[in-house]
Structures are given as C-alpha cells and as structure tokens.
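For reference, the chains in residue letters:
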2 protein chains.
Amino acid sequence: MDFEVLRSGPPAARAAAVARAISQVENQRPGFEQLLAAAHRYVGGARRVGITGPPGAGKSTLTQELVRHWRGQGESVAVIAVDPTSPFSGGALLGDRIRMEGVSLDREVFIRSMATRGSLGGLAASTREVCDLLDAAGFARILIETVGVGQSELAVTGMADSTALVLVPESGDGIQALKSGLMELADVYVVNKADRPGAQNLAREIEITQGIRRGEAFRGIRAHHGRALGQSGREGGAEWQAPVILTTATSGAGIPDVAAALDRHLDWMTASGELVTRRRNRFAVRTREVLDRMVQHWLREETRAEELLRDRLDEVVSGRLSPYELAAEILAVVKDGARV
Amino acid sequence: MDFEVLRSGPPAARAAAVARAISQVENQRPGFEQLLAAAHRYVGGARRVGITGPPGAGKSTLTQELVRHWRGQGESVAVIAVDPTSPFSGGALLGDRIRMEGVSLDREVFIRSMATRGSLGGLAASTREVCDLLDAAGFARILIETVGVGQSELAVTGMADSTALVLVPESGDGIQALKSGLMELADVYVVNKADRPGAQNLAREIEITQGIRRGEAFRGIRAHHGRALGQSGREGGAEWQAPVILTTATSGAGIPDVAAALDRHLDWMTASGELVTRRRNRFAVRTREVLDRMVQHWLREETRAEELLRDRLDEVVSGRLSPYELAAEILAVVKDGARV
C-alpha cells in the first residue's frame, strides 16, 4: 500500500484501500505487521478525538454532528465505532450506524465499526492500529466513539489526543462517572440534551467536582466558573481546565462550541508539550503490545512450551501438579532454550 | 491456608478465610500463586454452573432461586457475579446484589462480585482462579453469573461444567443469541418470564434452531420436540440435547426443573466422558494463562526489554523506526539473552 499516493489520491480510492487494509489488520492476515510498519512514518497528522460516555447519552448523534461540522470546513473525517459489547446489543449499535447514514454517503467520511473478536485486549490493540492506518492515509480528523460499556471508555482515552465525555441530565451519570475515574480522563465535558431540566445543575456539578479534584476552595470555583459555564474553560495557562459545553446534538446546538473546545485543547496540548508526551506514551504502549503478541507467538510456535504442556497435562488433571508449578517449569525450559 | 480444615470447618470461618484468599488472588498480592498451587489438589468436587443471557432476562432472580433450591437440599453454594461493564452500570449491578440479600444472610451461601480491574482478560483469569478457591474450600455448587454484556458470556461457558442461557419472550433475544454463537454453548435453555405472551413461541424457536443446527429435518424436530417442550431434553444417548425449560423466576415456578436439568447434564457429562474433556481443557487454558502472565513478568522485570524500549523510543516517536521493527529487535535480544 502506497501511503504517499493514498494521501494525495481521490477519496473513493482511499476509502477502498483503507477498508482493505483494516480487514487485513483486524484479521491479522499475513503481512499486516509489515503494512503497519510501512504506515508508521506517515502517522501523526490526524487529530484524534475520543467520544465516550454512558449508553443513551447521544454519542452517535454528537459524533455525526461533529463530522458534519468538520466536513463543512472541508476536512476529511474518519469515524471508528468501538463495540466491545455482547452480540446481544448488536441491534442497538446497528441502529446507530444506520442513523449515521446522513453523513456516510459523503466520500470524504470514512465510517467503520469495530466489534470484539476474541478478547477485549485484542479489540483495543486493533483499534489503535486502525487509527494509525487512517492517520497514515491522510484523514485530518479521527473520531473514536465507544458504545459506552466495558473497559472501552478507559481504553479510548489512551488512543485519542483529546477525549470528550458526554453526559445527560437526570440520569445519575455524573455521580457514576465521578466514581469511575472517567472524570479525570475527560478533556472536554459535554452535557447533552441540554434542553432537559437539570442540564445546568449537571454542568455545575461537574465544575464543582473538578474544583474539588484540583483542591481549590469551593467558593472560589463557583465564582470563577459561573461566568464560563456552558461556553469554555480557561485558555492558556500551565494547566488545562476541561470546559463544560452544553449541547442539544439532535438540533446541532452547541456543536461548534464542542469543536472549538477540542481545537483549543489540542492547541494547549501542542503548546504545553503534553501532545508530545501523550503520543510518546502511546508509542511505548503500542510497542509493548506488539512485543507481547510476538512473544506469545514465539512461545506457542517456536518453543517447547506446548509440547511440555501436552506431556504433563495428565498430572495437572489428576491434581499431582498445579498449573502454577507446570507453568513455572515450562518458563524455566523456555528461558534456558531461548538461545537457539 | 489449610484447605483440609476449611472443608470440614464451620461455615463462618470458611467464608472469612475464602474472602481473604479471594482478595489476595484478585490483587495478585505476593504468595497468591503459591496459595492457588496449594488449592489445586482439592479442586474438582464442586459442580460449576454458568448463568448467562442478556440484561433484563432475570439472571439474578434465577440465580437467587437456584441458591434457595440447593440450600433447601442442604448443599453449600457460592455465587460469583462477574461484571465486566463500565462503572456506569455499577448501580444496576448493585441493585441485583441487594435483591440477593434474601439468601445472603445464610452462612452456607457465599456471594462475591468481581468487577473489571484493568483488563477483561485479567477478569476472566481471576474469576477462574476464584472458582478454584471456592471449589477447594468445599462449596458443593458454584454459580457464575454474568451481567450479560461484553465477552463474559463466552468466557463463562469455559469456566462452568454446565451453562444455562436465560432468555425472555418478545425481546428479539432469541435471534441475537442465535447470531452470536451463544446458542451452541448453552447446555440448558431457560425461557424466563414464561407468564408473558410469546414464551411458548420463543421456546419453540429455540428448539427449531437446535434442530437446524444438528441438521435434522424441520418436520422431524417439531414432532419430536413438541412433546418435551418446557420440560426436559432427551436423556442418555451419545449426544446431549439441551432442554428448554420455562420458568417464572420471581414466583419460583420451574426452578426445580432447571436444577434437575443441570443435574441431568452433569450426569450425562460424567457418563459420556465429556466432563473429563472439559476439565482437561480448562486446565490447559489455565496453565497457558499462568504461563503468559509469568512470561510477561519475566519480560518486563528480568530482561532488557524495557531498557531497550526506553533507549530507542525516540526513534519511534520521530517516525524513523516503527513499533513493529523495535518489538522484533527486542524479541531477538530477549531470545538471545534468555539463557542467563
């Protein structure tokens, strides 16, 4: 795959080539690591945004409206919808995808759902790799949307440059998010369905929570934040203060504010050096993932591990030998025989 | 921990000791692998049942009623509720636990929730280990209940001797389950909320699906199954035919039938040799899991992998070297230097 050509070529050809490449990577077909290695030097141009939050918060609609907004500014956009849920929820996700058809006929918009195959760890790793493919293929924006269950919320924040946490009034989500540690990971808060009662209260709750987290005095925060509420956080400065944006995604209200807040966050990341740090960490995580996968392959295919397991499994079944003792013995043999 | 004493000691002491041991294993505190190795030779007495199905199918109520049923027969029961979902659903799960308090004051009933910490893969491995602890501690029955999202449904079938799939009428679950491959993993089907319209239809749908799966003629199945519908599957014989049981868990109706079907399944497993095969596979999976964990620890702590990663990460960040090339280089060094 010629990434130079892809980046300058016609959108339709790009979409087709990217779709093929994603399938190769998802299924780990021969050559997928070479493909990703070739993509690597083109990675870094895309602005990656994670959209997370509980089910029903309106993430899909928000995603769709952000796509529309950026397309209106002439930017190419890729959307990855990550679904770590059971096949039982397949119907719900499919519904979201169909709703997103409003933007999916546009050739400069690439939409892909990624579902669990095998393990969730595998899904996160695959999603990271697909992000890199889309980045290398020249998409200006990559939106990573989660369906809002599983560990995906936490994983997505590690994939994105900026993460928006979408909450809705009167669902108790604020408190759940607070408990979960997700609050700390959000760069922008979106209070969606802001036409409902309680939106202002939720926004204020978030702002207060943030103040408590930073250890500021209660009185001080309220005074400081009251002004900016629903519009934007503090710009510049040493520390990023995640703004709370009120939106009604179904009508498009507040969408330009979310887009602007995300841009401000990326500008702050660039200026503060945080972007370099985050991307550096991301590459370290990626390398460890690839290494673990390679080590596991080596262990199964090129060492005597499986042979030893087969030979001594009867002893484990009978209770004479524990899996822990057998694993330790296999590891010792593998370590000893590694120099081949 | 003295498993001999635990198995014959008073219930309260057992519950306390088991709770401590579980915490040690969940948090992988020093000595946890020795503890599990010591437990290993006492493993194998418990009958392990997985309860799976979509959210809202009534799994918790069914679990509670099964506990009550077995307690009524004088058996000790342990329940593990596996929750791989986001913190957002914490409230729902908590509600289920509170409802289960009807049986939780009984000292011969041990109830434990296991939530995701870090990775889902880690949760499955921990749950398998906790099952072994409970088995070694002498509980006669272990119920593993999932909250019905994520990969937990598939994982749980690998942990249990028998798996009950709980579905409810008129939710489209039948079709989803069929698509998901879960149908094939169920040993007993439970159509819960059988007082609702559509229960008989769902039961028939499942039976037809099963027939199709086995490649039988459509006409033949209907004739054969119509008789047994809602009561039991075929007993004995070379192949297990998963029965469809109608229940109304809230009233307790059908619970003894589910318990009986699970017992028949275990009897069939024992007679056919399938139990030995399943448990053998389980020990192989366990040993590979432990080995992978040990290898990862070895890689991070005892080899130069992390040092090499640190030294060359700048090249990855700048795009000169891809994570795939760096990982391959590190693996080569590790393999070469393993004999230390």
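With that settled, the discussion passes to the pairing of strand β1 (residues 47-52) of chain A. Residue and element names in this part refer to chain A. Along β1, 5 of the 6 residues are buried, which leaves the element largely enclosed by surrounding structure. Pairing analysis gives 5 bridges linking β1 to strand β4 (residues 141-146), with the strands arranged parallel. Each bridged residue has a counterpart across the sheet, and for V49 the counterpart in β4 is L143.

The next point concerns the pattern of salt bridges. Residues and elements named next belong to chain A. Across all of its chains, the model carries 46 salt bridges over all chains by this definition. Note that R47 is salt-bridged to D263, the shortest N-O span being 2.8 Å. Here R47, found in strand β1, pairs with D263, found in helix α12 (residues 255-272); they are 216 residues apart in sequence, far enough to count as distant. Under the relative-accessibility criterion, D263 is labelled partly exposed at 21%. Its salt-bridge partner being D135, residue R48 comes within 2.9 Å of it at the nearest N-O pair. One end of the pair, R48, is in strand β1; the other, D135, is in helix α7 (residues 120-136), with 87 residues separating them in the sequence. Residue classification places D135 among the buried positions, given a relative accessible area of 2%. Because the salt bridges share partners, they merge into one network encompassing R47, E75, R141, D263 and D267.

Looking now at the pairing of strand β1 (residues 47-52) of chain B. Here 4 bridges tie β1(B) to strand β5 (residues 162-167) of chain B, and the two strands are oriented parallel to one another. By the bridge assignment, B:T52 is partnered in β5(B) with B:L165.

By size, the foremost hydrophobic cluster in this structure holds 106 residues, and its most contacted members are A:L133, A:L134, B:L133 and B:L134. Discounting chain neighbours no more than four positions away, the residues touching B:L133 are B:F3, B:A21, B:I22, B:V25, B:L35, B:L36 and B:A39.

Residues and elements named next belong to chain A. Relative to each other, α12 and helix α13 (residues 274-302) sit at 90 degrees, their axes nearing to 5 Å. When the interaxial angle is binned, α12 and α13 end up roughly perpendicular. For the pair α12 and α13, the contacting residues are H265, L266, W268, M269, T270 and S272 in the first and E274, L275 and R278 in the second. Counted by class, the contact of α12 with α13 contains 4 nonpolar, 3 polar and 2 charged residues.

Here we come to unusual backbone geometry. Phi at A:Q28 takes a positive value of approximately 50 degrees, unusual for a residue other than glycine. Within the secondary structure layout, A:Q28 lies in the loop between α2 (11-26) and α3 (32-39). Positive phi, normally seen in glycine, also occurs at B:K193, with a value near 55 degrees. Topologically, B:K193 is positioned in the loop between β6 (188-191) and α10 (199-213).

Let us look at α2(A). Residue and element names in this part refer to chain A. Taking 1.5 Å of rise per residue, 16 residues should cover 22 Å, and α2 covers 22 Å from first to last C-alpha, within 8% of that figure. Inspection of α2 places R14, A17, V18, A21, I22, V25 and E26 among the buried residues, and these make up the whole buried set. Down the axis, α2 shows its buried residues gathered within 165 degrees of arc, on one side only. Once α2 ends, the next one or two residues include Q28, with phi positive near 50 degrees.

As a further point, take the side chain of A:K59. Assignment of secondary structure puts A:K59 in helix α4 (residues 59-72). Salt bridges are absent for the buried A:K59, whose nearest opposite-charge side chain, A:E145, sits at 5.8 Å.

With that out of the way, let us pick up the packing of aromatic side chains. On inspection of all chains with the given rule, the structure shows 6 aromatic pairs over all chains. Residues A:W240 and A:W268 carry aromatic rings whose centres are separated by 5.9 Å and whose planes lie at 40 degrees to one another, so their mutual orientation is tilted. Here the residue A:W240 occupies a position in the loop between α11 (218-228) and β7 (244-246), and A:W268 occupies one in helix α12, the gap between them amounting to 28 residues. Residues A:W240 and A:W268 agree in their burial class; the two are buried. When the ring centre of B:F139 is taken as reference, the NZ or CZ atom of B:R14 above it lies at 4.3 Å.

Rules used throughout
- Residues numbered from 1 in each chain as written.
- Chains lettered and ligands numbered in written order.
- Predicted model: local features only at pLDDT ≥ 70, side-chain atom pairs only at ≥ 80, totals over all residues.
- Heavy atoms only, no water.
- Buried < 20%, exposed > 50% of the residue type's maximum accessible area, 1.4 Å probe, protein only.
- Helix = DSSP H or I, 4+ residues; strand = E, 2+ residues; numbered from the N terminus.
- Pairing = 2+ DSSP bridges.
- Salt bridge = Lys/Arg side-chain N within 4 Å of Asp/Glu carboxyl O.
- Core = buried A, V, L, I, M, F, W, Y, C linked by side-chain atoms within 4.5 Å.
- Contact = heavy atoms within 4.5 Å.
- Axes fitted to C-alpha atoms, helices over the stretch in contact; angles between N-to-C directions.
- Parallel < 35°, antiparallel > 145°, perpendicular 65-115°, else oblique.
- Nonpolar A, V, L, I, M, F, W, Y, C, P; charged D, E, K, R; others polar.
- Expected span 1.5 Å × (residues − 1).
- Arc of directions from axis to C-beta.
- Lys, Arg positive; Asp, Glu negative; His and termini not counted.
- Phe/Tyr/Trp six-rings, centres within 6.5 Å; stacked < 30°, edge-to-face > 60°.
- Lys NZ or Arg CZ within 6 Å of the ring centre and 35° of its normal.

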